[in-house]
Every structure is written in structure tokens, then in C-alpha cells.
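Geometric and topological summary
These are the residues of each chain, in order.
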Amino acid sequence: MIIKTLVENTALSKNFGSEHGLSLYIEANSRKILFDVGASELFLENAKKLNVDICEVDYLIISHGHYDHGGGLRAFLRENTKAEIFLHRLAFEKYYALRSNDEPEYIGLDEELKQNRRIVFTSDRFFVSKGVQVFSNITRKEPLPKSNDSLLMKQDGKIVQDTFAHEQNLIIEGAGKTLLVTGCAHNGIVNILEYFHDLKRRMPNYVIGGFHLSSRSGGNEAHEMIDRIGKYLVDTKAKFYTCHCTGLEPYKRLKTIMGDSIDYLSAGSEIHI
């Protein structure tokens, strides 16, 4: 497997642009997969610099209905004319974030794109192709990230707390290895890994993605919770690559606990499994 980070909050060098968002390009099982498209068209610019041809992508998987993961969808549809796009059936609902002025700001996807014929709506456990599947409907055994508290949704005409039912995670299996990819882990990285274990009766070999231990509005998860998560992750024996909404300070704290078991991905990063 080859994984190239097209969009992330930070950049490996000045040669790559960065933004609050995530986009990962993955080559596995003779397929070219894009996981999320960031907040804008930036993924296209960085893709060219990493020798990634977006026109050749076979599948686009969007992790959830927030703009920083699906904001580049219109640009993707313009550039790529063949890929199927897999989103959870709730991804086009109305989602908001409570900003510092206590006013909700719309952070959802472009509803005009909902009717595109290439979009495939998923739910629960959905098989994309051999060795590639997504899953949602996470059982919550552990508390959700505190940084979820400022994230809202519209339900029955009212603004309420987001349930994150629209979030899905990606599993890629090949050559005896399993990769789990999370967008933001709004449902809690521990809960997602526990659910994965319930599905597979084992832990993944590799995990890539955001763990939502930091909020864009400010504030990180409590040190005690980060330490608890770090110890749990070490015990899985998986190799972790994190980014985006994990936050740099929480990452540094995880790194002190996890050592070589965790590394950070910036835009421009490339890893081979």
C-alpha cells in the first residue's frame, strides 16, 4: 500500500499548501482510492506535486458530512469522471459548529451535489470492492471526545447536538495486512477500534487518521483522557499515523506515551506499507 497525504492542517515543507482539512490518496489492491477531499481545491494542487493523477482515482470515500472533509467534492467531480463516491446516507444533512460568538456556523456539504449519479449512499457495513469496506453505526463504550461538544446538527427543525451517525471508517485488507482509516474519529478512536475488533476479532495492523483530541474553536482533550487513549492504543500493537483534528499538542503527549508506535502525517507525507 502507498499512502500520500494531499491535505492536512500542516505541510511537510513550503512546497505544499495546508488547510484545516484532510485528504489521503491510497494505492492498494490494484485500486486508487481517495479518502476525503479537504475543504477546497487544495487537494488537486498538492496531488500534482505528489505525482497523483486525480483523473485515475477509482473510488472516493468521504468520511462524514463536514466541509473540511468534503469541501473539495465539486472540484473532484469536475476533474474525475469515472470514480464512484461513497458517503453515508446522512452525510448531506445540515451540520453546524458553535463558534466563539456562540452562533452556529454551517459546516456541512454542498447540498447541490447530493443528486449526482456517481454518489453511492452507505450505512452500517458496506463493501466497496474486494478487500475494501466502510463501516459506521459505532457502539459507544467510552465517552466521546469533548471537542465534539461544539458540533451540532439540524433535526426536526431544531439545532441539537450532532450524533455523528453520518461518520464512516475505511478498512483496506491486502497481502495479509489490514489498514483502518478514520476521518475525525468523532465517535471516539477507542470505540472505533473496539467496534473493528468486534467485526474482525483482531486489531488492525495500521491506523491512519484524525482522533479529534483538539477543537478548531480552541481547547484540547484533558491530559488524563489523552494518556488513557495513548495507553489503549499502545496495547493494540498497531502502528498509528495521526493528523488533522488530533492536534499537535495532544499528538506530542501521545508520542511520549506511544513512542515509535505513532507518527504524524503532514501534507506532502508519503508512507509505504
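Each residue is numbered by its place in its chain's sequence as written, counting from 1. Thresholds applied to this predicted model are a pLDDT of at least 70 for local features of residues and 80 or more for the giving and counting of side-chain atom pairs; totals over whole chains, interfaces and linings are not thresholded and use all residues. Side-chain figures throughout are based on the complete set of non-hydrogen atoms in the structure, without hydrogens or water.

Moving on to the pairing of strand 2 (residues 23-28). Classification of residues uses two cut-offs on accessible area relative to the type maximum, computed with a 1.4 Å probe and protein chains only: under 20% is buried, over 50% is exposed, and between them is partly exposed. Numbering of helices and strands runs from the N terminus, with a helix taken as a DSSP run of H or I at least four residues long and a strand as a DSSP run of E at least two residues long. Of all six residues making up strand 2, five are buried, and the element is well covered by its neighbours. As judged from the five bridges shared by strand 1 (residues 2-7) and strand 2, these two strands associate in the antiparallel manner. Its bridge partner lying in strand 2, T5 is registered against L24. Bridge count for strand 2 against strand 3 (residues 31-35) is five bridges, and the pairing is antiparallel. Of the residues in strand 3, the one forming a bridge with L24 is F35. Here the rule is simple: two strands pair whenever DSSP picks up at least two bridges between them.

With that settled, consider the sheet that holds strand 11 (residues 151-155). Overall, antiparallel pairing links the four strands, which are arranged 7-6-11-12 in an open sheet. The open sheet has two edge strands with one neighbour each: strand 7 (104-106) and strand 12 (158-161). Here the average twist between neighbouring strands, direction ignored, is 40 degrees. In this structure, strand 11 lies alongside strand 12, joined through four bridges in antiparallel fashion. From the neighbouring strand, Q155 faces strand 12, where its bridge partner is K158. Orientation is described by axes fitted as lines to C-alpha atoms, over the contacting stretch for helices, and by angles from 0 to 180 degrees between their N-to-C directions.

Time to look at the sheet that holds strand 9 (residues 125-129). What the seven strands build is an open sheet, ordered 9-10-13-14-15-16-17; its pairing is mixed. Since the sheet does not close on itself, it has two edges, and those belong to strand 9 and strand 17 (262-264), each with one partner. For this sheet, the mean inter-axis angle between neighbouring strands, taken without regard to orientation, is 20 degrees. As paired elements, strand 14 (residues 177-182) and strand 15 (residues 206-209) share four bridges and run parallel to each other. The partner of V181 across the bridge, within strand 15, is I208. Contact between two residues is taken to exist if any of their heavy atoms lie within 4.5 Å; hydrogens are not considered. Relative to the sheet, helix 4 (residues 189-200) contacts strand 9, strand 10 (132-135), strand 13 (169-174), strand 14, strand 15 and strand 16 (239-242), its axis offset from that of strand 14 by approximately 145 degrees. Where helix 6 (residues 248-258) meets the sheet, it contacts strand 16 and strand 17, and its direction lies at approximately 150 degrees from that of strand 17.

Grouped burial of nonpolar side chains is what soluble globular proteins tend to show. Residues I26, L170, I189, L193, F211, L233 and F240 are the most contacted members of the largest nonpolar core, which totals 49 residues. No other element matches the six residues that helix 4 contributes to this core. Leaving out residues up to four positions away in the same chain, L233 has contacts with I189, L193, F211, F240 and M258. Residues belong to a common nonpolar core when they are buried Ala, Val, Leu, Ile, Met, Phe, Trp, Tyr or Cys residues joined through side-chain atoms within 4.5 Å. Within the second largest apolar cluster, 29 residues are counted, among which are L44, L60, L113 and A267.

Two cysteines joined by a covalent bond between their sulfur atoms form a disulfide. Throughout, disulfides are identified as pairs of cysteine sulfur atoms within 2.5 Å of each other. According to the stated counting rule, one finds zero disulfides in the structure shown. Counting only cysteine sulfurs, C245 is the nearest neighbor of C184, a cysteine outside any disulfide, at a range of 3.3 Å. C243 forms no disulfide, and the closest cysteine sulfur to it belongs to C245, at a distance of 7.3 Å.

This paragraph deals with the pairing of strand 1. Among the six residues of strand 1, five are classified as buried, and the element is accordingly described as predominantly covered. As paired strands, strand 1 and strand 18 (residues 270-272) are joined by three bridges and run antiparallel to one another. Opposite K4, over in strand 18, you have E270 as the bridge partner.

Buried within helix 1 (residues 42-49) are the following residues: L42, F43, L44, N46 and A47. In this fold, the buried residues of helix 1 make contact with strand 1, strand 2, strand 3 and helix 3 (73-79). The positive-phi residue at the C-terminal boundary of helix 1 is N51, with phi of around 60 degrees.

This part takes up the packing of aromatic side chains. Pairing of aromatic rings covers Phe, Tyr and Trp, the last counted by its six-membered ring, and requires centre-to-centre distances within 6.5 Å; plane angles under 30 degrees mean stacked, over 60 mean edge-to-face, and any other angle means tilted. According to the stated counting rule, one finds seven aromatic pairs in the structure shown. Aromatic pair F211 and F240: ring centres 6.2 Å apart, planes at 85 degrees, arrangement edge-to-face. In this pair, F211 sits in the loop between strand 15 and helix 5 (223-235) while F240 sits in strand 16, placing the two residues 29 residues apart along the sequence. The burial state of F211 is the same as that of F240; both residues are buried. In this structure an aromatic cluster arises from ring pairing among Y59, F86 and F126. Only when the NZ of Lys or the CZ of Arg is both within 6 Å of the ring centre and within 35 degrees of the ring normal is a charge said to sit over the ring. Over the ring of Y241 we find K239; its NZ or CZ atom is 5.2 Å from the centre of that ring.

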